[in-house]
Amino acid sequence: MDELLKILEGNALESRATIAKLLNVSPAEVDQRIADYEQRGVIRGYQAILNEDRLDLDKVTAVIEVKVTPQREGGFDTIAERISRYPEVRSAYLMSGSYDLLLFVEGRNLREVAAFVSERLSSLEGVLSTATHFMLKTYKRLGVLMHPESKDERLTVSP
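This one's a predicted model, so the numbers in the text were calculated from it and none came from an experiment.

1. Concerning the packing of helix H1 (residues 3-10) against helix H3 (residues 27-40)
For the pair H1 and H3, interaxial distance at closest approach is 11 Å and the crossing angle is 80 degrees. It follows from the interaxial angle that H1 and H3 lie roughly perpendicular. The residues of H3 that touch H1, namely those facing Leu4, Leu5 and Leu8, are Val30, Arg33, Ile34 and Tyr37. Partitioned by chemical class, the residues of the contact of H1 with H3 number six nonpolar, no polar and one charged.

Here it is, written out as structure tokens:
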């Protein structure tokens, strides 16, 4: 991967001047390369990585394994793109293994996610089965630890 993309992936707020120094290029070249990546769709957006456990959110996240029947004229893409359009679906991936699609779905509560799965997802033509797992706590997200590491990693010794 391009070093510029690695820097942006690590910290999208890094100043153009700092990036230019790290890459030994001009800030104008950094701006041009970023604009090119955005125009080509390589960079799809910028986000802050939040520790949602520290926010008072009324939200539930579920990971859903989906088995589907591939369509004759589009394979997995047709049904995956259709499922991805639901606003509840935050991420969708084609997988190898015992299921075909992996979805990350958000709702206000367990019932809302369950209703999405039973009323909308499971009823889609081509969806054979689903398995839903609810996320309870996040330890690491997108390469970032959510809970500060303790400074003293020694085991406690009790008498």
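2. A short note on the pairing of strand E3 (residues 101-107)
A large share of E3 lies buried, amounting to five of its seven residues. Here seven bridges tie strand E1 (residues 60-68) to E3, and the two strands are oriented antiparallel to one another. Within the sheet, the bridge partner assigned to Ala62 lies in E3 and is Val105. In the sheet, strand E2 (residues 89-94) pairs with E3 via five bridges, with the strands oriented antiparallel. Each bridged residue has a counterpart across the sheet, and for Leu94 the counterpart in E3 is Leu101. The antiparallel hairpin formed by E2 and E3 contains six residues in its connecting segment, where Gly97 sits at a positive phi of about 110 degrees.

3. Some details on the pattern of salt bridges
The tally for this structure, following the rule as stated, stands at eleven salt bridges. Across the pair Glu52 and Arg141 runs a salt bridge, and its minimum N-O distance is 3.7 Å. With Glu52 in the loop between H3 and E1 and Arg141 in strand E5 (residues 140-141), this pair connects stretches of sequence that are 89 residues apart. Residue Glu52 is classed as partly exposed on the basis of its relative accessible area, which comes to 25%. Under the relative-accessibility criterion, Arg141 is labelled partly exposed at 29%. Three or more residues are tied together by salt bridges with common partners; here these are Glu52, Lys59, Arg90, Glu106 and Arg141.

4. A short note on the sheet that holds E1
Pairing in this open sheet of four strands is antiparallel, and the strands run E2-E3-E1-E4 from one edge to the other. Two strands lie at the open edges of the sheet, namely E2 and strand E4 (127-134), each paired on one side alone. Adjacent strand axes in the sheet meet at a mean angle of 20 degrees when their direction is disregarded.

5. Quick notes on the packing of aromatic side chains
Tallied over the full model, the rule gives two aromatic pairs. Seen from their ring centres, Tyr86 and Phe116 are 5.3 Å apart, and the 80 degrees between their planes marks the pair as edge-to-face. One end of the pair, Tyr86, is in the loop between helix H4 (77-84) and E2; the other, Phe116, is in helix H5 (residues 110-121), with 30 residues separating them in the sequence. Exposure class is identical for Tyr86 and Phe116. Each is buried. Ring centres of Tyr93 and Phe104 lie 6.2 Å apart, and the angle between their planes is 85 degrees; this geometry places the pair in the edge-to-face category. Of the two residues, Tyr93 is situated in strand E2 and Phe104 in strand E3; the sequence distance between them amounts to eleven residues. Since its relative accessible area comes to 27%, Phe104 is described here as partly exposed.

The rules behind the values
One numbering rule holds for all chains: residues counted from 1, following each sequence as written. Local features in this predicted model are restricted to residues whose pLDDT is 70 or higher, and side-chain atom pairs enter the listing and the counts only when it is 80 or higher, whereas totals over whole chains, interfaces and linings include all residues. Where side-chain values are given, they derive from all heavy atoms of the structure, hydrogens and water being excluded. Between N-to-C directions, angles cover 0 to 180 degrees, with each direction set by a line fitted to C-alpha atoms, over the stretch in contact for helices. In this description a helix means any DSSP run of H or I spanning at least four residues, a strand means any run of E spanning at least two, and both kinds are numbered starting from the N terminus. Each angle receives one of four descriptions, namely roughly parallel if under 35 degrees, roughly antiparallel if over 145, roughly perpendicular if within 65 to 115, and oblique otherwise. We call two residues in contact whenever any of their non-hydrogen atoms come within 4.5 Å of each other. Residue classes follow a fixed rule: Ala, Val, Leu, Ile, Met, Phe, Trp, Tyr, Cys and Pro count as nonpolar, while Asp, Glu, Lys and Arg count as charged, and any other residue, Gly among them, counts as polar. Between buried and exposed lies partly exposed: a residue is buried under 20% and exposed over 50% of the maximum accessible area for its type, with that area taken using a 1.4 Å probe on protein chains only. What makes two strands pair is DSSP finding at least two bridges between them. Counted as salt bridges are all cases of a side-chain nitrogen of Lys or Arg within 4 Å of a carboxyl oxygen of Asp or Glu. Only Phe, Tyr and Trp rings take part, Trp by its six-membered ring, and two of them pair if their centres are within 6.5 Å. Stacked means planes under 30 degrees apart, edge-to-face means over 60, and tilted covers everything else.

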